[in-house]
Amino acid sequence: MTYLVRCGDLAEAGQQYAGSMRVVRTAASYEYLYQKIRVSGGAYGCGCGFDDASVYFYSYRDPKLAETDAVYCGTGKYLRETDLPEEELNRYIIGTFASIDRPSSPAGKIDRSFSCWMTGRSFDGILSDRKETLDITEETFRRVGDVIDAILPQEYICAVGSAEKLRANEEMFMEIRTVE
């Protein structure tokens, strides 16, 4: 099966990371992408994410590369047009914190501390992310759609899979390499 990733550099697109993007990741991954790529498209899994430098989409064991990429490209529109009552936004915030505030083992705490040290992430930065995550509004949620649309023209796309599947979708890629 094939794995497909599309990503983009925030700075290159004139954008920057915000903690509110964590909530968007939860909503987009579990609602939009899951329904379109997993349920309708037949991929084994999919999702999206944001970090300090990038936005990324992924699918795995995916039988429909071009269709999946079209879904990735439609995410900004989905975010701008989705109906988002306050109780639904609150549900996404709670779902987001379920992955942020889970208990950590000593090894998990060390891993997180090391990651922060390596990336220069400060405790104040972590607190700022938490505040932005909690303070997300429907308007902020929708604005992330513009951020996603800003990175799409970069066309950083990569797939790993069978040569036959990749050649059938060769218009998506600048080059196709065979790995021995």
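Throughout what follows, the structure given in this document is the object of discussion. (Residues numbered from 1 in each chain as written. Predicted model: local features only at pLDDT ≥ 70, side-chain atom pairs only at ≥ 80, totals over all residues. Heavy atoms only, no water.)

## Regarding the overall build of the protein
Counting its secondary structure elements, the protein contains eight helices and four strands. In the protein, the succession of helices and strands from N to C terminus is β-α-β-β-α-α-α-α-α-α-β-α. Its C-alpha radius of gyration of 17 Å places the protein within 12% of the 16 Å reference for a compact globule of 180 residues. Counting only C-alpha atoms, the protein reaches 50 × 40 × 30 Å along its principal axes. In the protein, buried positions account for 39% of the 180 residues. Restricting the contact set of the protein to residue pairs at least 6 apart, pairs at least 24 apart contribute 75%. Averaging the positions of the 21 positive and the 29 negative side-chain charges in the protein gives two centres separated by 5 Å. (Helix = DSSP H or I, 4+ residues; strand = E, 2+ residues; numbered from the N terminus. Rg over C-alpha atoms; globule rule 2.2 N^0.38 Å. Buried < 20%, exposed > 50% of the residue type's maximum accessible area, 1.4 Å probe, protein only. Contact = heavy atoms within 4.5 Å. Lys, Arg positive; Asp, Glu negative; His and termini not counted. Charge placed at Lys NZ, Arg CZ, Asp CG, Glu CD.)

## Focus: unusual backbone geometry
The phi angle at arginine 61 is positive, at roughly 50°, despite the residue not being glycine. By the secondary structure assignment, arginine 61 is in the loop between strand S3 (54–60) and helix H2 (65–73). With a phi close to 50°, glutamate 155 is a non-glycine residue in the positive phi region. Within the element layout of this structure, glutamate 155 appears in the loop between helix H7 (138–151) and strand S4 (156–160).

## Description of the packing of helix H1 (residues 21–39) against H2
Where H1 meets H2, the axes come as close as 10 Å, and the angle between the chain directions of the two elements is 165°. When the interaxial angle is binned, H1 and H2 end up roughly antiparallel. When you trace H1 past H2, the crossing you get is right-handed. On the side of H1, the interface is formed by Tyr32, Leu33, Lys36 and Ile37, while H2 contributes Thr68, Val71 and Tyr72. (Axes fitted to C-alpha atoms, helices over the stretch in contact; angles between N-to-C directions. Parallel < 35°, antiparallel > 145°, perpendicular 65-115°, else oblique. Left-handed = near helix turned anticlockwise from the far one by under 90°.)

## Here we look at helix H6 (residues 123–134)
Spanning twelve residues, H6 covers 17 Å between terminal C-alpha atoms, matching the ideal 16 Å at 1.5 Å per step. Of all the positions in H6, only Ile126, Asp129 and Thr133 are classed as buried. One side of H6 carries all its buried residues, which in axial view fall inside an arc of 60°. Across from the buried face of H6, at angles greater than 90 degrees, the exposed residues are Asp124, Lys131 and Leu134. (Expected span 1.5 Å × (residues − 1). Arc of directions from axis to C-beta.)

## Some words on the environment of isoleucine 126
For isoleucine 126, the position within the fold is in helix H6. Isoleucine 126 gets classed as buried once you look at its relative accessible area, which sits at 14%.

## Notes on the packing of aromatic side chains
The tally for this structure, following the rule as stated, stands at five aromatic pairs. Taken together through their ring pairs, the aromatic side chains of Tyr44, Tyr58 and Tyr60 make up a single cluster. Arginine 61 extends its terminal NZ or CZ atom over the ring of tyrosine 44, reaching a point 4.7 Å from the ring centre. (Phe/Tyr/Trp six-rings, centres within 6.5 Å; stacked < 30°, edge-to-face > 60°. Lys NZ or Arg CZ within 6 Å of the ring centre and 35° of its normal.)

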